Amino acid sequence: MQKLGAHNPWSRREDVRLLRGEGTFVDNIAPAGALFAHFFRSPIAHAKITKLNVFNARQMEGVQLVLSADDLRASGIAEGLPFEVVESSDGSIGAAPRRPLLAEEKVRFVGEPIAIVVAATPQLALDACELIEFDYDELPAHMRVSEGGVPLHIEAPNNCAFTWSTGDEAACKSAFSKAAHRVSRTIHNNRIIVNSIEARGCFAEPVDGRIHLALNSQGVQSTKDEINRILGVASEDIRVTTPDVGGGFGMKAMSYPEPILVTHAARVLDQPVRWMSDRTEAMLTDAAARDLDNEAEMAFDSDYRLIGYRVETRCNLGAYNSDLGQLIQTDYFAMVLSGAYQVQNCFLNVKGIFTNTAQTDAYRGAGRAEASYVLERMMDYAARELGVDPWDLRRRNFIQPEQFPFINATGEQYDPANYDRVLDRAEHVADRSGFAERRAGSEARGRLRGIGLSYYVMNAIGNSKVSARLEFPGDGAAILTVPSQSSGQGHESVFAAFLSEQSGIPEENIAVIQGDSDKTGIGVGTGGSSSLTTTGNATLVTVSNAVEIIRPFVAEHMQVVPDLVEFDGETFRAPGSNLAPSMLEAADMVRAAGRADLLDIEGVGKIDTWAFPNGAHIAEVELDPETGVVTLEKYTVVSDFGNLINPMLVEGQVHGGCAQGIGQALLERTVFDDNGQLLSASFMDYVLPRALDFPHIDYVNEPVPSTANEMGVKGCGEAGTVGSISAVANAVADALCTRGVANLDIPITPERIWRLVQQVSTNQERRMDAY
């Protein structure tokens, strides 16, 4: 066993049915005759509810159900949505306000659900919502990511949910006191909206005394647990499924009230109920991302060795604690705080701030992307201030191959890597040696050209304990059931190919089942670039268990003792026997012996340490100082993902991740006014990158196999995003430094560039006039 990547790297079995329009997305497979749910949402960011009258809506013909928070309470539903709470630096527990399904007494962000209406048609449900009488006493909205303002919750009177820190503050302070050079900056990480191609949606239906909820999520088990806890439905009476999903990106891993309320409505009415978000509704209510302000400072010795690094971060939690938000902005940020560098004297202090916005905790690379962005922007700022080449500054401070396994500044153990080798390869692929000539060519045309580097390290982290299930139903078939959930990554292809490589079962004979709580076992879904690490590991254990179960039956046919029978990844063999049955043939032997009950095999894999994928992103941009328009001319990614199962899918993940990071760096901007109204609530106002905004992305894997798992894989799903944001920002900064622009925040829109260039020009003219 342990063969990796031996199959055709260009296969992706999902594509045929998806391209034929045969996908099973949740809104396409809702039961015929299902009722439609619509949510009456808050039109205001912060207010006390003084009146909520749903009588007229209930009386409207075609309306089947209208529920408010009072109705939920009357039916015995007292629990709210789950949320994470961290321990503050002083040992106290962070603020833990209730997170209701429907607004109770106050509304805290525009779009917060206040009531659910269920009707025969979508239009009737919408019309009924317009009959709901809602009055309120408006309160000032708290929109700044800082302490103060009118409190959203009595549990957080200054709107600070927690103050959390890690690292040795005293040692870090001492390092700064001895530093030959210090560099500090304020770095903002802009808020972005996920905008998955398929918005959130679900349907619920009573089936044979049970309730079935189908939703487009990143894992079914958490939602099943929430239905059990909140609605009081026995676990055995709940089935949660996830069909095809059009993009998740972390946002669809979060907990939301709509699926719980749709499930409750279906149970109350004893009829199927469906709901699908529209785009503006999604922009208002989906978990957003980033939105942090960072005060960062670096200390260097006289040889430009990084000896101290500290970051004060204020992160926007949104209106409520969510199920992952605090963990992501503390632990996930801290795990890779020091990136690829040897510095040990680090200190991170995080304040979680409540604001009158939707929850803010989910996106590709959450926590890791934020940490990498601050670190890699700071390395570039430091290089410019110190007069050092940005590439050389990184090389001076890289962890060296002989230092692995390396314990970083926050106690995380990195698996083996060779950062110098990766960066050398990236420098060659990006043709850095030819950059000066390309820059001169741009200048001759009146344009500015810049090159930017980002070297990222991230942790691929997920469920430490995951199960997989292998069944042999007969007729040459095998079924692999996994708890991970694809939302476009190609899991069906990957896991079928992986099982084929480990078992010899032809790939075309393998069916992969995911997203069904009746069938999937331990594990809560997909996230953190960890699906292959966790589910692949569980699959290895499952194949091993299958071999042990089947071995005695094969031995009987071979007429040898079981200990002599070995499985080589394709066939069973034993000395002195000319039989060499495949796994499928051996399964038939078990069935022929009347023990088909043994052919449903589970394996549980456990991961004790996590892998740390890493790599270099190099962006090359050209910009027009007259208009501020940036063109991304070249983009290079050289990463160490360890061993690969399907190189094509990995490259696709890199391209998609880069697109998201580049979009954040150059285009995407979430804008609220001072009253908490979202001004960028449609694609007329929120700019997404288009195909024409990207050059060809050169991608190379420069692997050092991981020692954190048997497969030697490191994970890749979020890496494109983690590395790309700072690479693009650094490239634009490199171009603008020739015009005297020193500080630059993302998104680097044409307007922002034009204003910076004009401001610098005006200041220079004033100095000349004064002279």
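As the structure is a computational prediction, the values presented were derived from the model and not from experiment.

Caption draft 1: Representation of the overall build of the protein. Summing up its helical and strand segments, the protein has 19 helices and 27 strands in all. In summary, the protein has a C-alpha radius of gyration of 28 Å against a globular reference of 28 Å for 771 residues, a match within 12%. Its C-alpha atoms put the protein at 100 × 75 × 50 Å along the principal axes. Residues counted as buried form 59% of the 771 residues belonging to the protein. Summarising the internal contacts of the protein: among those between residues at least 6 apart in sequence, 80% fall at separations of at least 24. Distance between charge centroids for the protein: 4 Å, based on 66 positive and 103 negative side chains.

Caption draft 2: Examining the pattern of salt bridges more closely. Summed over the entire model, instances satisfying the criterion amount to 53 salt bridges. A salt bridge links Arg185 to Glu385; the nearest nitrogen and oxygen atoms lie 2.6 Å apart. Placement of Arg185 in strand β8 (residues 181-189) and of Glu385 in helix α10 (residues 368-386) is noted, with a sequence separation of 200 residues between them. A relative accessible area of 43% places Glu385 in the partly exposed class.

Caption draft 3: Inspection of the sheet that holds strand β19 (residues 465-474) at higher detail. Judged by pairing direction, the sheet is mixed, and its four strands sit side by side in the order β21-β20-β19-β24 without closing on themselves. Bordering the open sheet on either side are β21 (510-513) and β24 (600-606), each of which pairs with just one other strand. Averaged over all pairs of adjacent strands, the angle between strand axes in this sheet comes to 20°, irrespective of strand direction. In the sheet, β19 pairs with strand β20 (residues 477-481) via four bridges, with the strands oriented antiparallel. In the strand pairing of β20, Glu471 is matched with Ile479.

Caption draft 4: Just empty space enclosed by the protein, in detail. Summed over the entire model, instances satisfying the criterion amount to three cavities of 30 Å³ or more. Considered as a void within the structure, the largest cavity measures approximately 200 Å³ in volume. Lining the largest cavity we find 18 residues, and of these Arg99, Phe109, Pro257, Tyr320 and Gln359 sit closest to its centre. Its boundaries defined by the atoms lining it, the second largest cavity holds a volume of some 80 Å³. As for the second largest cavity, its lining consists of 15 residues, of which Arg191, Met283, Leu284, Ala358 and Phe672 are closest to the centre. The residue inventory of the lining of the second largest cavity, partitioned by class, reads nine nonpolar, four polar and two charged.

Caption draft 5: Expanded view of the nonpolar core. Ranked by internal contacts, the top residues of the largest apolar core, which has 109 residues, are Met298, Tyr419, Tyr455, Tyr635, Phe641, Val732 and Leu736. Setting aside its immediate chain neighbours within four residues, Leu736 contacts Leu448, Leu623, Val741, Leu744, Ile753 and Val757. Counting 42 residues, the second largest nonpolar core, distinct from the first, contains Phe472, Ala496, Ile550 and Met558.

Caption draft 6: Region of the structure containing the packing of helix α15 (residues 531-558) against helix α16 (residues 583-592). Interaxial distance between α15 and α16 falls to 9 Å at its minimum, and their mutual angle equals 65°. The chirality of how α15 crosses α16 is left-handed. Contacts between α15 and α16 involve Val543, Val547, Ile550, Phe553, Val554 and His557 from the former and Met583, Ala586, Ala587, Met589 and Val590 from the latter. Here the contact of α15 with α16 is composed, by residue class, of 10 nonpolar, one polar and no charged.

Caption draft 7: Just the layout of surface pockets, in detail. Approximately 610 Å³ is the volume attributed to the second largest pocket. By residue class, the composition of the lining of the second largest pocket is six nonpolar, seven polar and 10 charged.

Caption draft 8: Molecular detail of the packing of aromatic side chains. Counted according to the given criterion, the structure contains 12 aromatic pairs. Where Phe404 meets Tyr419, the ring centres are 5.7 Å apart and the plane angle is 85°; that geometry is what we call edge-to-face. In this pair, Phe404 is assigned in the loop between α11 (390-397) and β16 (406-407) and Tyr419 in helix α12 (residues 419-429), connecting sequence segments 15 residues apart. The residues Phe404 and Tyr419 share a single accessibility class, namely buried. Ring centres of Tyr414 and Phe612 lie 4.7 Å apart, and the angle between their planes is 40°; this geometry places the pair in the tilted category. Placement of the pair is Tyr414 in strand β17 (residues 413-414) and Phe612 in the loop between β24 and β25 (614-623), with a sequence separation of 198 residues. Just as Tyr414 is buried, Phe612 falls in that class too.

Caption draft 9: Structural view of the environment of Ala199. Among the structural elements, Ala199 can be located in the loop between β8 and β9 (201-207). Sequence spacing of Ala199 and Val245 is 46 residues, and the spatial spacing of their C-alpha atoms is 9.4 Å. Leaving out residues up to four positions away in the same chain, Ala199 has contacts with Asn216, Lys252, Met276, Ser277, Arg279 and Ala282.

Caption draft 10: Main features of helix α17 (residues 647-666). Taking 1.5 Å per residue, 20 residues should reach 28 Å; α17 reaches 28 Å between its end C-alpha atoms and fits that length. Looking at where α17 begins, the residue whose side-chain oxygen comes 3.1 Å from the main-chain nitrogen of Met648 is Asn646.

Caption draft 11: How the structure looks around the packing of α17 against helix α18 (residues 719-736). Direction vectors running N to C along α17 and α18 enclose 40°, while the axes themselves pass 7 Å from each other. Between α17 and α18, the angle falls in the class oblique. Note on packing geometry: the crossing formed by α17 with α18 is right-handed. Residues Val654, Gly657, Cys658, Gln660, Gly661, Ile662, Gln664, Ala665 and Leu666 of α17 form the contact with α18, whose own contacting residues are Gly720, Thr721, Ser724, Ile725, Val728 and Val732. Taken together, the residues that form the contact of α17 with α18 break down as eight nonpolar, seven polar and no charged.

Caption draft 12: Here's a closer look at the sheet that holds strand β2 (residues 47-53). Read from one edge of the open sheet, three strands run β4-β2-β6, paired in antiparallel fashion. Looking at strand neighbours, the two that pair on one side only are β4 (106-107) and β6 (133-138), the edges of this open sheet. Across six bridges, β2 lies against β6 in antiparallel orientation. For Ala47, the partnering residue across the bridge sits in β6 and is Glu138.

Caption draft 13: Geometry of the side chain of Glu258. Mapped onto the elements of the fold, Glu258 is located in helix α7 (residues 257-269). At 2.8 Å, the side chain of Glu258 forms a polar contact with the side chain of Arg41. Every residue in contact with Glu258, bar those within four places of it in the chain, is listed here: Phe39, Arg41, Arg200, Cys202 and Trp275.

Caption draft 14: Examining helix α6 (residues 221-231) more closely. Turning to α6, its buried residues number three or more, namely Gln221, Thr223, Lys224, Glu226, Ile227, Ile230 and Leu231. Residues of α6 that are buried sit in contact with β10 (210-215), β11 (238-241) and α7. Just downstream of α6 lies Gly232, where phi reads positive at about 75°.

Caption draft 15: Representation of the state of the cysteines. Using the criterion set out here, one finds zero disulfides in the structure. No disulfide involves Cys202; its nearest neighbouring cysteine sulfur is the one of Cys129, lying 15 Å away. Here Cys315 stays free of any disulfide, with the sulfur of Cys160 as its closest cysteine sulfur at 8.9 Å.

Caption draft 16: Broad picture of the environment of Arg394. Within the secondary structure, Arg394 sits in helix α11. The spacing of Arg394 and Glu376 is 18 residues in sequence and 9.4 Å in space, taken between C-alpha atoms. Residues contacting Arg394, with those up to four places away along its chain left out, are Tyr341, Glu376, Met379, Asp380, Leu453, Tyr455 and Asn730.

Cut-offs used in this document
Residues numbered from 1 in each chain as written. Predicted model: local features only at pLDDT ≥ 70, side-chain atom pairs only at ≥ 80, totals over all residues. Heavy atoms only, no water. Helix = DSSP H or I, 4+ residues; strand = E, 2+ residues; numbered from the N terminus. Rg over C-alpha atoms; globule rule 2.2 N^0.38 Å. Buried < 20%, exposed > 50% of the residue type's maximum accessible area, 1.4 Å probe, protein only. Contact = heavy atoms within 4.5 Å. Lys, Arg positive; Asp, Glu negative; His and termini not counted. Charge placed at Lys NZ, Arg CZ, Asp CG, Glu CD. Salt bridge = Lys/Arg side-chain N within 4 Å of Asp/Glu carboxyl O. Pairing = 2+ DSSP bridges. Axes fitted to C-alpha atoms, helices over the stretch in contact; angles between N-to-C directions. 1 Å grid on protein atoms, 1.4 Å probe; cavity = no way out; pocket = protein on both sides within 12 Å on 5 of 7 lines; lining within 4 Å. Points joined across faces, edges and corners; volume = space filled by probe spheres on them. Nonpolar A, V, L, I, M, F, W, Y, C, P; charged D, E, K, R; others polar. Core = buried A, V, L, I, M, F, W, Y, C linked by side-chain atoms within 4.5 Å. Left-handed = near helix turned anticlockwise from the far one by under 90°. Phe/Tyr/Trp six-rings, centres within 6.5 Å; stacked < 30°, edge-to-face > 60°. Expected span 1.5 Å × (residues − 1). Polar contact = N/O pair within 3.5 Å; in protein donor to acceptor, adjacent residues only side chain to side chain. Parallel < 35°, antiparallel > 145°, perpendicular 65-115°, else oblique. Disulfide = S-S within 2.5 Å.

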